[in-house]
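Breakdown of the fold
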Amino acid sequence: MTTLSISVVLYSSDMALLNEAIDSLSKACSHAARTSTLTCTLDLVNNNPDDEHKEAIATLARCATTEHFDVKYVEAGMNGGYGAGNNISIRRHEDADYHLVLNPDVLIQEDALTNALAYLDSNLDVGLLTPQVNGLDGSMHHLCKRNPTLLDMFIRSAASPMLNRFFLQRNFRYEMRDHDYLSVIKPVPYPTGCFMLFRRSVLARIGG
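Okay, so let's go over this structure. Not measured: the values here are computed from a predicted model.

Before going further, it helps to examine the nonpolar core. Core analysis: the largest hydrophobic core is formed by 36 residues, its most contacted members being Ile6, Leu25, Leu44, Leu113 and Leu197. Secondary structure elements with two or more residues in this core: β1 (2-10), α1 (15-35), β2 (38-46), α2 (54-64), β3 (69-75), β4 (98-102), α4 (112-122) and β8 (195-199). Counting residues per element, this core draws most heavily on α1, which supplies 7 residues. If sequence neighbours within four positions are ignored, leucine 44 has contacts with Val8, Leu10, Leu18, Ile22, Ile57, Ala61, Val71, Lys72, Tyr73 and Val74. Grouped together as the second largest cluster of nonpolar side chains are 5 residues, Ile90, Val101, Phe198 and Leu203 included.

Next up, the structure:
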């Protein structure tokens, strides 16, 4: 049996969008379970100790649990940051085969986990997979990155249209647009953090 643990770190998250994200994740887990023997466990890790929606999130976790999709509400106790919140879940599932770090505003297609896990099963040299990401309007987001320089970070933090036009080619290179986003891009030095599917053995070696 293949086991997949999933962590979604929350901090005053939009409840309507969280409901939608969990529903899409549940459907993806069910789809994957139909094609292989898979169980999924989702931890909703709340980094906000003063969250007014604690009871609602806990209720959502109970109601979302199904045969192949076990959802737990986990209090972090403090806001230690995104990485620390995910590490709480990672430590809870040391025996899982894979671990997915997922943002609470990501809606995944029904066959996404099926395809992602099949790819990892067939490519044992890959320790981390991130998918093609599109906006709600269907536009592709170029989220594969080369390691940034200080200049790259300044350009993006400034959010100036004039700077962006001036450094257009530099941004294209940084976003790896010289690669075909409709095929496999490998390796990716700096992947997006919104959907990171890890081989659990790799997470163990790097310490979370």
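Let's shift gears to the packing of aromatic side chains. Inspection of the entire model under this criterion finds 0 aromatic pairs. The lysine or arginine in question, arginine 177, covers the ring of phenylalanine 172, its NZ or CZ lying 4.5 Å from the ring centre.

So, on to the pairing of β3. In this structure, β2 lies alongside β3, joined through 7 bridges in parallel fashion. Residue pairing across strands places leucine 42 opposite valine 71, the latter belonging to β3. Crossover handedness for the path β2 to α2 to β3: right-handed.

Backbone-to-backbone hydrogen bonds pair the strands of a sheet. The strands run either parallel or antiparallel. Taken together, the 6 strands give an open sheet; going across it, the order is β3-β2-β1-β4-β8-β5, and neighbouring strands pair in mixed fashion. The strands lining the two open edges of the sheet, one partner per strand, are β3 and β5 (128-129). In the sheet, β5 pairs with β8 via 2 bridges, with the strands oriented antiparallel. If you follow leucine 129 over to β8, its bridge partner there is leucine 197. Set on the sheet, α2 makes contact with β1, β2 and β3; between it and β3 the angle comes to about 160°. Running at roughly 150° to β1, helix α3 (residues 82-92) makes contact with β1, β2, β3 and β4 of the sheet.

Calculation rules
- Residues numbered from 1 in each chain as written.
- Predicted model: local features only at pLDDT ≥ 70, side-chain atom pairs only at ≥ 80, totals over all residues.
- Heavy atoms only, no water.
- Core = buried A, V, L, I, M, F, W, Y, C linked by side-chain atoms within 4.5 Å.
- Buried < 20%, exposed > 50% of the residue type's maximum accessible area, 1.4 Å probe, protein only.
- Helix = DSSP H or I, 4+ residues; strand = E, 2+ residues; numbered from the N terminus.
- Contact = heavy atoms within 4.5 Å.
- Phe/Tyr/Trp six-rings, centres within 6.5 Å; stacked < 30°, edge-to-face > 60°.
- Lys NZ or Arg CZ within 6 Å of the ring centre and 35° of its normal.
- Pairing = 2+ DSSP bridges.
- Right-handed = clockwise from strand over helix to strand, strands pointing away.
- Axes fitted to C-alpha atoms, helices over the stretch in contact; angles between N-to-C directions.

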